[in-house]
Amino acid sequence: MIILVINAGSSSVKFTLFDMSDNKKVLANGLIERIGLEGTSVKYSNHKDYKYQDKVPVKNPQDAVKLVAKFLVGEESGVLKKLEEIDAIGHRVVHGMEKIQKPERITEQVKEAIKECFSVSPLHNPHNLAGVEACEAVLPGVPNVGVFDTAFHSTMPPRAYLYGLPYNLYAEDRIRRYGFHGTSHAYVSRAAAAFDGRPPQNLRIITCHLGNGASMAAVKGGICQDTSMGLTPLEGLLMGTRSGDLDPAILLHLMKLKNLSVQDVDNLLNKQSGVLGLAGVGSSDLRDIEEAADKGDKKCAMALEAYAYRVRKYIGSYIAALGGLDILVFTAGAGENSVTLRAAVLADLEEVGFKLDPARNAVRSPEIRVISADDSRYKVLVVPTNEELAIAEFTQEVLAS
Ligand code: ADP
């Protein structure tokens, strides 16, 4: 079964073509950036070592999908004889609110639901829908499946998703915790359970997705019980450029004190805060912050400490939420690669039940691996995430059902 995975953003289309029948092999992938802007950049490569990179004008998502199709069947670049070989297209869709609770075949009704979520996801859902419509136009007859970031978290109980606000705001306006990165949390928690081998229905797992955006989830028997992001991806951990949790009254105070507009506050909390704002060296990339801290920059060291401390606090609260723990998982850019960050998160927690093995923690590998010591009460794993593959797997499951 051949599955094309599309992740359509505000000015980019990322794509991967999988042959699910051939050991989930990646046949081709690529990225088109700056769509509709000056200097659109196009990157494409296939499993036969063909590589393309150039600036090509691409006006809109439909032209982007046309270009993808051209590559996939091109004389030199191609991996398919004809486009009809594509069995399905899996799309990343960010928000499904309560309307979409699992990966779904995209129908007119599902498209309507994606639109109804525009107000809570104005930066993502409109572009995700544009990607779906572009595929419908360019590859007619191929089934489209939506894989929603929020879906995995839809199993949270009300005690976890309700905010302490007047109930009407939930009942009428659906203001609640939804959570994001669900495809990644689902993928790594499943992979961790399969790797561990104990019966998955009893396993309690905490997943830490620490990338540019960062979130955690508490998972029991494969079912999400709580997660750190909320109505939007701003809540929870301290991130690259987002503040994460803060006293909501700070917003009101700042709006009055500095005469800030709604847009100013949005920018401040989403784009200028987190590690970028705390460290103050013009980068939100933890690699840069770690390097500066190593050279003695005190603010960078403090930003890293604050980042790790927030993860640690959530681990504590999720152990309580799950009534115990079996496996802690680190994933995504920083979670998979930063030896220092993982060590900082779990430093001096032996009495609580975490004992890292420093040599195992220092291993760099693209494989799933144990980094806790054999006598650690809780097992700690690094599980490389693969959201594209997860979308392809969910798409295959939807088609099979
Ligand atoms: P995104 O959230 O954009 O999908 P990723 O999951 O790829 O991002 O994570 C990217 C982030 O991971 C980078 O901004 C950086 O902060 C962090 N990162 C990647 N590699 C390392 C590393 N070796 N050490 C520390 N941080 C890293």
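In what follows, the accompanying structure is described. (Residues numbered from 1 in each chain as written. Predicted model: local features only at pLDDT ≥ 70, side-chain atom pairs only at ≥ 80, totals over all residues. Heavy atoms only, no water.)

1. Some thoughts on the packing of helix α7 (residues 249-257) against helix α8 (residues 262-271)
Going by this rule: Orientation is described by lines fitted to C-alpha atoms, with helices fitted over the stretch in contact, and by angles between N-to-C directions that extend from 0 to 180 degrees. Going along the chain from the N terminus, every DSSP run of H or I of four or more residues is numbered as a helix, and every run of E of two or more is numbered as a strand. Note on terminology: angles under 35 degrees are roughly parallel, angles over 145 are roughly antiparallel, angles of 65 to 115 are roughly perpendicular, and the others are oblique. Left-handed describes a crossing in which the near helix is turned anticlockwise from the far one by less than a right angle; the clockwise case is right-handed. Contact criterion: two residues are considered in contact whenever any of their non-hydrogen atoms come within 4.5 Å of each other. Residue polarity follows a fixed list, in which Ala, Val, Leu, Ile, Met, Phe, Trp, Tyr, Cys and Pro are nonpolar, Asp, Glu, Lys and Arg are charged, and the others, Gly among them, are polar.
Two numbers describe how α7 lies on α8: the axes approach to 11 Å, and their chain directions differ by 125°. By the angle between their directions, the pair α7 and α8 is classed as oblique. The chirality of how α7 crosses α8 is right-handed. For the pair formed by α7 and α8, the contact residues are Leu251, Leu254 and Met255 on the first element and Val262, Val265, Leu268 and Leu269 on the second. Of the residues in the contact of α7 with α8, the class split is 7 nonpolar, no polar and no charged.

2. Quick word on the sheet that holds strand β9 (residues 204-210)
Stated formally: For two strands to count as paired, DSSP must find a minimum of two bridges between them.
In space, the 6 strands of this open sheet follow the order β11-β10-β9-β12-β14-β13, with mixed pairing throughout. A single partner strand is all that each edge strand has here, and the edge strands are β11 (223-227) and β13 (369-370). As paired elements, β13 and strand β14 (residues 379-382) share 2 bridges and run antiparallel to each other. Looking across to β14, one finds that Val370 is bridged to Leu381. Against the sheet, helix α6 (residues 182-196) makes contact with β9, β10 (214-220), β12 (327-331), β13 and β14, and its axis sits at roughly 130° relative to β9, the strand it touches most.

3. Some points on the nonpolar core
One broad trend across soluble globular proteins is that nonpolar side chains are buried collectively. So the rule is basically this: Among buried residues, those of type Ala, Val, Leu, Ile, Met, Phe, Trp, Tyr and Cys that are joined through side-chain atoms within 4.5 Å constitute a nonpolar core. Under the scheme applied here, a residue whose accessible area is under 20% of the maximum for its type counts as buried, over 50% as exposed, and between as partly exposed, the area being computed with a 1.4 Å probe on protein chains only.
Grouped together as the largest cluster of nonpolar side chains are 42 residues, with contacts concentrated most on Ile206, Leu210, Ile315, Leu328 and Phe354. The set of elements that each furnish at least two residues to this core consists of β9, β10, α9 (274-279), α10 (286-294), α11 (298-322), β12, α13 (339-345) and β14. Tallying contributions element by element places α11 first for this core, with 11 residues. When neighbours within four sequence positions are excluded, Leu328 is seen to be in contact with Ile206, Cys208, Ile315, Leu346, Phe354, Lys379, Val380 and Leu381.

4. Re the pattern of salt bridges
Worth spelling out the cut-off: Salt bridge, as applied in this entry: a Lys or Arg side-chain nitrogen positioned within 4 Å of an Asp or Glu carboxyl oxygen.
Counted according to the given criterion, the structure contains 25 salt bridges. Here Asp149 ties to Arg92 by a salt bridge, and the two come within 2.6 Å at their closest N and O atoms. A residue pair is termed long-range when its members are at least 10 positions apart, and Asp149 in the loop between β8 (144-148) and α4 (158-161) and Arg92 in strand β6 (residues 88-93) qualify at 57 residues. Residue Asp326 pairs with Arg204 through a salt bridge whose shortest N-O separation is 3.3 Å. Residue Asp326 is located in the loop between α11 and β12, and its partner Arg204 is located in strand β9; the two are separated by 122 residues in the primary sequence. Given a relative accessible area of 13%, Asp326 falls into the buried group. Note on Arg204: relative accessible area 22%, which makes it partly exposed. When salt bridges with common partners are traced through the structure, they connect Asp196, Arg198, Arg204, Asp326 and Lys379 into a single cluster.

5. What to know about the side chain of Ser273
Defined as follows: Definition of a polar contact: a pair of N or O atoms within 3.5 Å, with one able to donate and the other able to accept a hydrogen when the atoms are protein atoms, and with sequence-neighbouring residues admitted only if both atoms are side-chain atoms.
Following the sequence through the fold, Ser273 ends up in the loop between α8 and α9. Polar contacts involving the side chain of Ser273 include one to the main-chain carbonyl oxygen of Leu268, which spans 2.5 Å. Contact partners of Ser273, with chain neighbours within four places excluded, come to Gly240, Thr241, Arg242, Ser243 and Leu268.

6. With respect to the packing of aromatic side chains
Where we set the bar: The criterion for an aromatic pair is that two Phe, Tyr or Trp rings (for Trp, the six-membered ring) have centres within 6.5 Å, with stacked assigned to planes under 30 degrees apart, edge-to-face to planes over 60 apart and tilted to the rest. Any Lys NZ or Arg CZ found within 6 Å of a ring centre and within 35 degrees of that ring's normal is scored as a charge over the ring.
Evaluation of the coordinates by the stated rule reveals 8 aromatic pairs. Centroid distance Phe15 to Tyr44: 6.2 Å. Interplanar angle 20°. Geometry classified as stacked. Taken as a pair, Phe15 in strand β2 (residues 13-19) and Tyr44 in strand β4 (residues 41-46) lie far apart in primary sequence, 29 residues in all. Note on accessibility: Phe15 and Tyr44 belong to one class, buried. Pairing Tyr314 with Tyr318 gives two aromatic rings, centres 5.6 Å apart and planes at 70°, and the pair type is edge-to-face. With Tyr314 and Tyr318 both in helix α11 and 4 residues apart, this pair spans about one turn of that helix. With a relative accessible area of 2%, Tyr318 lands in the buried category. A network of ring pairs unites the aromatic residues Phe15, Tyr44, Tyr50, Tyr52 and Phe71 as a single cluster. Here the guanidinium or amino end of Arg176 rests over the ring plane of Tyr178, the centre of that ring lying 4.8 Å away.

Function cannot be read off these values alone, since they describe shape.
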